[in-house]
Amino acid sequence: MNIKENSIKMIFLASGLLSIFILLGIFYLLFSNSFPALRDVGIKSFFSRGYWNPTAYSVPQYSILNIIKGTFMVGTGSLLFAVPLGVACAAYLAEVASPREREIFKPIIEILAGIPSVVLGFFGLVVVAPLLSSVFGLPNGINALNGSILVGIMALPTVVSLAEDAVSAVPQEYRHASLALGATRWQTLKNVTIPAAFSGVLAASLLGMGRAIGETMTVLMVTGNALAAPSSFMDSVRTLSANIAIEMGEVPMGSLHFHSLFVVGLVLFIITFIINLLADIIFDRYRKGVSM
Amino acid sequence: MEVKARKSLFVCGVVLLLILSLALAGCSSAPGQGEKVTGDAGEGGQQDPGKGSRSGAVMIQIKGSDSEVNLVQKLAEEFMAENPQVQIAVTGGGSGVGIAAIIDGTIDIANSSRPMKNEEIEKARANGIDPVPVRFAVDGIAVIVNEKNPVGTLSVEEIGAIYRGEIKNWSAVGGANAKINLFGRQSNSGTYVFFMESVLKGDYSPEMRNMGGNADIVEAVKSDVTGIGYVAIGYTKEGDSIRPGLKVLNVSQEKGKPGVTPVELSNITSGAYPITRPLYQFVAGQPQGALRDFVLFELSEKGQEIVLGQGFYPLSDADREFNKNSLK
């Protein structure tokens, strides 16, 4: 009995450790493969003026500033789209909807998460792009806004389900107190429940952004991938993940270009890591705050 | 209790070390090992298409240029209809992808709309693969604009200046007062490289939108009145006529000279149209058996008729001479 229990304990421990080591292994691989580029090109040239052009006709350039800017534009743009919609949806599900309605709505929203990104990208090219160009009077709709809307749609299920958890976790006493003071249900939701769930909602948004920043295929298809610095959401942008996807297939293994793509991957990894960490910290605080 | 805890600590320490050493071994030898693995795949993965595998069917793997993929697919279909024992798989991805795959030894033929660079040939040889170049068709790169654009002719120099970002407004080349939207390919494309080296002779404007394939550029230019794009000539046609919504520009050698359209076969074969290129295939080693049959089929009269039917152009005498020298 003792041996059995012990060995089962061991197996679970090993599985836990394995996932940690896979993470460490990936980090090590990213770092060791980006090292030759960091050494030969220098960290500075990745973050200096100019634009990304390792296959240049004349002088190769490795600056990823424009690409980072493009990544954040699509990331934050998608949140501007996903958060208001997602929070409203979560408030409806948690506070307004009857259990029956919730049972119908929730799975449908979750189906959104299951749409293959390439299908969504196709939708963006064929439906969203012409729509944007006619609404905003642009020559074409292949731009950062298009990417933001689509990634917003992709991040929506994440935001909805986490924000709903946060809203549901607000103690009933808060609502009862508010209602007892004569507030309407809308006033209670607006002034008590959602503010009380605020940090949970914030964490949900951050996790949604982590998802958005790593998204590749959809963005690759609809943002145009231009290398110039974008000045508005109507400009074409290239994101970190799209940049890797575009160029990884053709680079000779072991070349400087190959290693510099790993630097791009490393930067992407660090960004999403920080965002997820922040979301975790906020979520943790929020849970403790509520239970007290 | 304490003993048990210590024991479990010990065991998990061992597990930890094991995983760590595995991970480190995998990582530290990654570059050297990677090359070796790909080299092995070259010898093992090629399956000797000439001799055929055990089941009697012969499998030929072709990968690369997006400009060539439809054409080679059609050639392969016709060839397979005559030779049912041969199976040919044709995939795209871009010339760079095909060349990377032939260097790694995972395919039999790389489609490429640009010649292989010397360093690429050396890399392939280092892996034990000697790429044999074959020219199997001629392509005019069409410069396309929207049907509603009044501009009808541009010189090579003007096109270069537009793509380098030096000319930004259509009014500078006789069009409406509107910003020019550039559409081009991604750096894995042979057309991208060819256009850069023979028309731009400089770097692309960073404002150019990098599209995934010829068809994406055609779609974009069809809906963008201020757009300009460049595609393999076969992609501008639907049957015998130009796709609706699209205009193929006449291109002149120098500004002021009359423009020449790539749509007429005679302009390509006479060399009057300035932006033409041979389309290449790189065979992994001198082709034998079915692989050789397929290459010869492409170069045959029937193969060249298919080339013409797909909107590309047949080989010139110089191209045939080139093939004679490389196919032994």
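Residues numbered from 1 in each chain as written. Chains lettered and ligands numbered in written order. Predicted model: local features only at pLDDT ≥ 70, side-chain atom pairs only at ≥ 80, totals over all residues. Heavy atoms only, no water.

Asks: Which residues make up the packing of helix H3 (residues 65–96) of chain A against helix H6 (residues 144–168) of chain A, and what are the values?
Replies: Residues and elements named next belong to chain A. Running from N to C, H3 and H6 cross one another at 35°; their axes reach a closest spacing of 6 Å. Crossing geometry of H3 relative to H6 is assigned as right-handed. For the contact of H3 with H6, a count of residues per class yields 20 nonpolar, seven polar and two charged. (Axes fitted to C-alpha atoms, helices over the stretch in contact; angles between N-to-C directions. Helix = DSSP H or I, 4+ residues; strand = E, 2+ residues; numbered from the N terminus. Left-handed = near helix turned anticlockwise from the far one by under 90°. Nonpolar A, V, L, I, M, F, W, Y, C, P; charged D, E, K, R; others polar.)

Asks: Residue-level account of the layout of surface pockets, with values.
Replies: For the largest pocket, the calculated volume is near 610 Å³. Residue lining of the largest pocket: 28 residues in total, with Leu125 and Met221 of chain A together with Met211, Asp216 and Glu219 of chain B positioned closest to the centre. Taken together, the elements giving at least two residues each to the lining of the largest pocket come down to helix H5 (117–135), helix H10 (217–222) and helix H11 (240–248) of chain A together with strand S7 (209–211) and helix H8 (214–223) of chain B. For the lining of the largest pocket, the element with the most residues is H5 of chain A, which contributes seven residues. Of the residues that constitute the lining of the largest pocket, the class distribution is 16 nonpolar, nine polar and three charged. (1 Å grid on protein atoms, 1.4 Å probe; cavity = no way out; pocket = protein on both sides within 12 Å on 5 of 7 lines; lining within 4 Å. Points joined across faces, edges and corners; volume = space filled by probe spheres on them.)

Asks: Tell me about the nonpolar core, residues and numbers included.
Replies: The biggest cluster of nonpolar side chains holds 80 residues, and the ones touching the most others in it are Tyr163, Phe195, Ile228, Ile275 and Phe294 of chain B. The element that contributes the greatest number of residues to this core is strand S4 (residues 131–146) of chain B, accounting for ten residues. When residues of this core are assigned to domains, at least three map to each of domain 1 (35–138 + 279–326) and domain 2 (139–276) of chain B. For Ile228 of chain B, the contacting residues outside a window of four places in its chain are Val143, Ile144, Val145, Leu154, Ile162, Tyr163, Trp170, Ile180, Asn181, Leu182, Phe183 and Val221 of chain B. Listed in part, the 46 residues of the second largest apolar core include Val87, Ala166, Ile244 and Val263 of chain A. (Core = buried A, V, L, I, M, F, W, Y, C linked by side-chain atoms within 4.5 Å. Buried < 20%, exposed > 50% of the residue type's maximum accessible area, 1.4 Å probe, protein only. Domains from an automatic or database assignment. Contact = heavy atoms within 4.5 Å.)

Asks: Would you mind going over the domain arrangement of chain B in detail, with residue names and values included?
Replies: Residues and elements named next belong to chain B. Per the domain assignment, the segments making up chain B are domain 1 (35–138 + 279–326) and domain 2 (139–276). If you average the C-alpha positions of domain 1 and of domain 2, the two centres end up 28 Å apart. Around 1,400 Å² of area is buried between domain 1 and domain 2 when both sides are counted, 57% of it from carbon and sulfur atoms. Contact with domain 2 buries surface across domain 1, with Asp66, Ser67 and Tyr313 losing the most and accounting together for 39% of the total. (Buried area = accessible area lost by both parts, 1.4 Å probe.)

Asks: An account of the environment of Arg320 of chain B is needed here, citing residue identities and associated values.
Replies: Residues and elements named next belong to chain B. Among the secondary structure elements, Arg320 is positioned in helix H12 (residues 317–326). The sequence separation of Arg320 and Val134 amounts to 186 residues, and the corresponding C-alpha distance is 9.1 Å. Leaving out residues up to four positions away in the same chain, Arg320 has contacts with Leu299, Gln304 and Leu315.

Asks: Account for H8 of chain B, with residues named and values stated.
Replies: Residues and elements named next belong to chain B. Every buried residue belonging to H8 is among Asn214, Ile217, Val218, Ala220 and Val221, and all of these are buried. The arc that holds every buried residue of H8, seen down its axis, measures 165°, which confines them to one face. Packed against the buried residues of H8 are helix H3 (66–82), S4, strand S6 (181–185), S7, strand S8 (227–232) and strand S11 (246–248). (Arc of directions from axis to C-beta.)

Asks: Can you explain the pattern of salt bridges? Please cite residues and give values.
Replies: All names here are of chain B. What the rule picks out here adds up to 20 salt bridges over all chains. A salt bridge links Lys74 to Glu78, with the shortest nitrogen-to-oxygen separation between them at 3.8 Å. Separated by four residues within a single helix, Lys74 and Glu78 lie in helix H3, roughly one turn from each other. Using a relative accessible area of 28% as the deciding quantity, one classes Lys74 as partly exposed. For Glu78, a relative accessible area of 25% gives the class partly exposed. Notably, a salt bridge pairs Glu207 with Lys179, separated by 3.5 Å at the nearest N-O pair. One end of the pair, Glu207, is in the loop between helix H7 (190–200) and S7; the other, Lys179, is in the loop between helix H6 (156–164) and S6, and 28 residues separate them in sequence. What you see here is one network of salt bridges that share partners, running through Lys74, Glu78, Glu82 and Lys302. (Salt bridge = Lys/Arg side-chain N within 4 Å of Asp/Glu carboxyl O.)

Asks: Can you lay out the interface of chain B and chain A for me, pointing to particular residues and giving the numbers?
Replies: Contact with chain B, which involves 37 residues of that partner, is made by 36 residues of chain A. A combined buried area of about 3,100 Å² lies between chain B and chain A, and 63% of that area is made up of carbon and sulfur atoms. Counting across the interface, chain B meets chain A through zero salt bridges. At the junction of chain B and chain A, the tally comes to eight residue pairs in polar contact (both at pLDDT 80 or more). Those elements that place two or more of their residues in the side of chain B that touches chain A are helix H1 (2–28), helix H4 (95–104), S6, H7, S7 and H8 of chain B. Among the elements that take part in the side of chain B that touches chain A, H1 of chain B stands out by supplying ten residues, more than any other. (Polar contact = N/O pair within 3.5 Å; in protein donor to acceptor, adjacent residues only side chain to side chain.)

Asks: So what about the packing of aromatic side chains? Which residues, and what values?
Replies: Residues and elements named next belong to chain B. The tally for this structure, following the rule as stated, stands at 16 aromatic pairs over all chains. For the pair Tyr163 and Tyr204, a centre-to-centre distance of 6.2 Å together with 85° between the ring planes defines the contact as edge-to-face. Placement of Tyr163 in helix H6 and of Tyr204 in the loop between H7 and S7 is noted, with a sequence separation of 41 residues between them. Tyr204 shares its class with Tyr163; the two are buried. (Phe/Tyr/Trp six-rings, centres within 6.5 Å; stacked < 30°, edge-to-face > 60°.)

Asks: Explain the pairing of S4 of chain B to me, using residue names and the numbers behind them.
Replies: Residues and elements named next belong to chain B. Of all the 16 residues making up S4, 15 are buried; the element is thus mostly covered by neighbouring parts of the structure. Pairing of S4 with strand S13 (residues 276–284) involves nine bridges; the strand directions are antiparallel. Counterpart to Pro133 in the pairing with S13 is Phe282. Both S4 and S11 contribute to a ladder of three bridges, which runs antiparallel. Counterpart to Asn146 in the pairing with S11 is Leu246. (Pairing = 2+ DSSP bridges.)

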